[in-house]
Amino acid sequence: MNFNKNIPYNNLPPLPPNADIETKKILRKVISASRVLAQLNGALKNLPNPTLFLDTIYLQEAKSSSEIENIITTNDELYKSLVADKKIENPATKEVLSYKEALWLGIKQLKKKPFITTNLCISIVQCIKQNSASIRTTPGATLSNTKGEIIYTPPSGENIIRKKFANLEKFINEDNTIDPLIKMALMHYQFEAIHPFADGNGRTGRILLLLYLKLSGLLDTPAIYLSEYIIKNKTDYYKSLRNVTEKNDWETYILYMLDMIENTSNRGLERLNKITKVIDKTTEEIKTKLPKIYSKDLVEILFHLPYTKRQHLIDENIGNPKTVGNYLIALEENGFLKSVKVGKEKLYLNKRLLKILETK
């Protein structure tokens, strides 16, 4: 392979690669990963309200994906920021919330136009970075390790980058001869290798994984925390990407990506089961202790995000300001919620939900 880490990889081969991407090991792993992913898809479809946990899941994914780039914030700060009216001061929290917004934007755009395109990627990175970023035009982009040594120099020159992207676009949207999970792995490598933007490539690439799962019909609601797996296996992730570039070793990399899908789907199922059980338990307890205030809608609001506030209940027509205020006081007195002051505002924390989300 014609590769030198110190010069732009303008010879990055187009997709599909010239390699055996359907080895016995890979095909066996595809079967087990697909099975668990299908189970997760079924479990999400069977929820009374499949969109109920989306904000929470996307926030967790945003947090983990940003953590890979060393943008660190706490769960608690993140959830409060999403609900409180107070202006967000912490730059890391702002970046994570922008990531979540970018993921939602991608899902909305896919509904309008079911294709992954260069323009879609540009609008995602602009949303993440909250600027007018586009395809890299300045030469000199390099990727370095923690010691500061160059490990990869991506393609350089806007025309070359756009050409590589046009091939990737065609591969994603037109090539249906490859199993979708293998295709997802190939697409992810190629995006990371093209490295089309000056900043935000990693996060955009991980959003594309979720959008592709939806686009390919593998996950109707892309409610899955892929980045959490990458954080735990970060060294293997970067090593397997590098070995594709340097040694044309697609098998190890594809197996890593399939492992990620299988492992994450299993974790997703576990979390979903735990949350569903806690919702059922909370529903029964509120019915018993506070029958006058119980409603299905009220319970759903309490589990939409770990924090809620009066306005959320008013917006969902649970009652007028005085009524919902009394409801929240009663829920706190009976141990369902805990009130927290953020600025001048009072938020209410669902400790049971936060506990599940914090479990590693």
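Keep in mind that this is a model prediction, so the values were computed, not measured.

Account for the sheet that holds strand β5 (residues 345-349), naming residues and giving values.
Pairing is antiparallel across the open sheet formed by three strands, whose spatial order is β3-β5-β4. Each having just a single partner strand, β3 (307-308) and β4 (338-342) make up the two edges of the open sheet.

So what's going on with helix α8 (residues 201-215)? Residues and values would help.
The terminal C-alpha atoms of α8 lie 20 Å apart, and with 15 residues this matches the ideal 21 Å at 1.5 Å per residue to within 8%. One or two positions beyond α8, positive phi appears at G217, with a value near 80°.

Outline the confidence of the model for the protein chain, supporting the account with residue identities and numerical values.
Summarising the model, the protein chain shows a mean pLDDT of 91, and 98% of its residues fall at 70 or more. The secondary-structure element of the protein chain with the lowest mean pLDDT is helix α3 (residues 75-83), recorded at 79, while helix α7 (residues 180-194) shows the highest, at 98.

Just give me the short version of the side chain of E345, but keep the residues and values in it.
Looking at the secondary structure, you find E345 in strand β5. A residue is classified by how much of its surface remains accessible, and E345, at 16% relative accessible area, is buried. In this structure, E345 is in contact with V83, A84, D85, K86, K309 and V340, ignoring residues within four places of it in sequence.

Please provide a residue-by-residue account of the packing of helix α11 (residues 250-289) against helix α15 (residues 351-358), values included.
Across the interface, α11 lies against α15 with an axial gap of 10 Å and an inter-helix angle of 170°. Regarding the angle of α11 to α15, the classification is roughly antiparallel. Every residue of α15 that contacts α11 at R271, K274, I275, V278, K281, T282 and E285 is listed here: R352, L353, I356 and L357. Each residue belonging to the contact of α11 with α15 can be placed in one class, and the counts come to five nonpolar, one polar and five charged.

A description of the pairing of β5 should follow, citing residues and the corresponding values.
Counting buried positions over the five residues of β5 gives four, a clear majority of the element. Sheet topology places β3 next to β5; two bridges connect them, and they run antiparallel. Its bridge partner lying in β5, Y307 is registered against L349. Bridge count between β4 and β5: five bridges; the pairing is antiparallel. Counted as the bridge partner of S339 is Y348 from β5. In sequence, β4 turns back onto β5 through a hairpin of two residues, with G343 there showing a positive phi of about 65°.

An account of the packing of aromatic side chains is requested, with residue identities and associated values reported.
Across all of its chains, the model carries 11 aromatic pairs by this definition. Consider the rings of F165 and F191, whose centres lie 6.0 Å apart with planes at 85°: the pair is edge-to-face. One end of the pair, F165, is in helix α6 (residues 158-174); the other, F191, is in helix α7, with 26 residues separating them in the sequence. In terms of burial, F165 and F191 fall into one category: buried. One aromatic cluster is present, formed by Y229, Y237, Y238 and Y256 through successive ring pairs. The ring of F171 carries K183 above its face, with NZ or CZ at 5.8 Å from the centroid.

Pulling in residues and values, what's your account of unusual backbone geometry?
Of note, the bond from L15 into P16 is cis; its omega dihedral lies within 30 degrees of zero at -5°. By secondary structure assignment, the location of P16 is in the segment before α1 (24-45). Positive phi values are uncommon outside glycine, yet Q130 reaches one of about 55°. Position of Q130 relative to the elements: it lies in the loop between α5 (118-129) and β1 (143-144). Since its relative accessible area comes to 51%, Q130 is described here as exposed. Despite not being glycine, N248 has its phi angle at roughly 60°, a positive value.

Can you tell me about the environment of F191, naming the residues and giving the values?
Judged by relative accessible area, which is 1%, F191 ranks as buried. Separated by 11 residues in the primary sequence, F191 and G202 have C-alpha atoms spaced 9.1 Å apart.

Tell me what's going on with the state of the cysteines, and back it up with residues and numbers.
Within this structure, the stated rule accounts for zero disulfides. Not part of a disulfide, C121 finds its nearest cysteine sulfur in C127, a span of 13 Å. What makes C121 buried here is its relative accessible area of 0%. Among the residues examined, C127 registers a relative accessible area of 10% and is labelled buried.

Requested: an account of the pattern of salt bridges, with residues and values cited.
Summed over the entire model, instances satisfying the criterion amount to 18 salt bridges. In this structure, the salt-bridge partner of K45 is D220, at a minimum N-O distance of 3.1 Å. Highlighted residues: K45 in helix α1 and D220 in the loop between α8 and α9 (226-232), separated in sequence by 175 residues. Using a relative accessible area of 30% as the deciding quantity, one classes D220 as partly exposed. The salt bridge involving E95 is made with K129; its shortest N-O contact spans 3.7 Å. On the criterion of sequence distance, the pair formed by E95 in helix α4 (residues 91-112) and K129 in helix α5 is long-range, its members being 34 residues apart. Each of the salt bridges in this network shares a partner with another, and the network as a whole consists of E95, K129, D199 and R203.

Definitions and limits used
Residues numbered from 1 in each chain as written. Predicted model: local features only at pLDDT ≥ 70, side-chain atom pairs only at ≥ 80, totals over all residues. Heavy atoms only, no water. Pairing = 2+ DSSP bridges. Helix = DSSP H or I, 4+ residues; strand = E, 2+ residues; numbered from the N terminus. Expected span 1.5 Å × (residues − 1). pLDDT = per-residue confidence, 0-100. Buried < 20%, exposed > 50% of the residue type's maximum accessible area, 1.4 Å probe, protein only. Contact = heavy atoms within 4.5 Å. Axes fitted to C-alpha atoms, helices over the stretch in contact; angles between N-to-C directions. Parallel < 35°, antiparallel > 145°, perpendicular 65-115°, else oblique. Nonpolar A, V, L, I, M, F, W, Y, C, P; charged D, E, K, R; others polar. Phe/Tyr/Trp six-rings, centres within 6.5 Å; stacked < 30°, edge-to-face > 60°. Lys NZ or Arg CZ within 6 Å of the ring centre and 35° of its normal. Disulfide = S-S within 2.5 Å. Salt bridge = Lys/Arg side-chain N within 4 Å of Asp/Glu carboxyl O.

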